[in-house]
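In case you want the letters, here they are:
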Amino acid sequence: AHYRAGGKLRDALADNRPLAESLRRVYAAALAIYYSGDAGPRGCYLIGTAATEAVHDAEVRRALAEGLREIDDAFAARFRLAQKQGELDRTIDALAHAKLASAILHTLALRSRAGDSRASLDATADAGVAMLCGKPPAKARRR
């Protein structure tokens, strides 16, 4: 499952809370999904499985590109709002920042499948939020 279903990403990025809180909600919701598999952490179909299948299947490649674009667009819209509200410097490139936010999501999905602990990935998400919001990250925990 990924955020196209039900608009969960846009809901988590709602503009009625601070940017850092919105980003933490996104990553916490993603980790809840990634760690919900009965056989162990399942990660994300779009990020984990579709990415490998896209090499040989044009339809999967299109769906992957569309899904990634939707995620990037949702993050970019939230970063633009944060710029407008004075939470982020107006000179940052909102789409480039969005791709960094998406990259953190990809990392959480892949590392959950690889067996990283939930605590470690919570720390990774927190460091990512700090970076995206222009704050120094706390010391990261290991696996």
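From a predicted model like this one, the values you see are computed outputs, not experimental measurements. (Residues numbered from 1 in each chain as written. Predicted model: local features only at pLDDT ≥ 70, side-chain atom pairs only at ≥ 80, totals over all residues. Heavy atoms only, no water.)

Let's talk about the overall build of the protein chain
Stage number 1. From N to C terminus, the protein chain includes 6 helices and 0 strands.
Stage number 2. Ordered by position in the sequence, the α and β elements of the protein chain form the string α-α-α-α-α-α.
Stage number 3. Counting across all 143 residues of the protein chain, residues that qualify as buried make up 40%.
Stage number 4. Here the contacts in the protein chain between residues at least 6 apart in sequence split such that 62% fall between residues at least 24 apart. (Helix = DSSP H or I, 4+ residues; strand = E, 2+ residues; numbered from the N terminus. Buried < 20%, exposed > 50% of the residue type's maximum accessible area, 1.4 Å probe, protein only. Contact = heavy atoms within 4.5 Å.)

Let's talk about the environment of Leu64
Stage number 1. Tracing the backbone through its elements, the reader meets Leu64 in helix α4 (residues 58-84).
Stage number 2. Taking the relative accessible area as the measure of exposure, Leu64 reaches 12% and is therefore buried.
Stage number 3. Separated by 10 residues in sequence, Leu64 and Ala54 have C-alpha atoms that sit 7.3 Å apart.

A few points about the nonpolar core
Stage number 1. With 32 residues, the main nonpolar core has Leu23, Tyr27, Tyr34, Phe75, Phe79 and Leu105 as its most contacted residues.
Stage number 2. Elements with a minimum of two residues in this core: α1 (8-12), α2 (19-34), α4, α5 (94-114) and α6 (118-132).
Stage number 3. Residue contributions to this core peak at 9 residues, all from α2.
Stage number 4. Discounting residues that sit within four places of it in the chain, Phe79 has contacts with Leu19, Leu23, Leu88, Ala94, His97, Ala98, Ala101 and Leu132. (Core = buried A, V, L, I, M, F, W, Y, C linked by side-chain atoms within 4.5 Å.)

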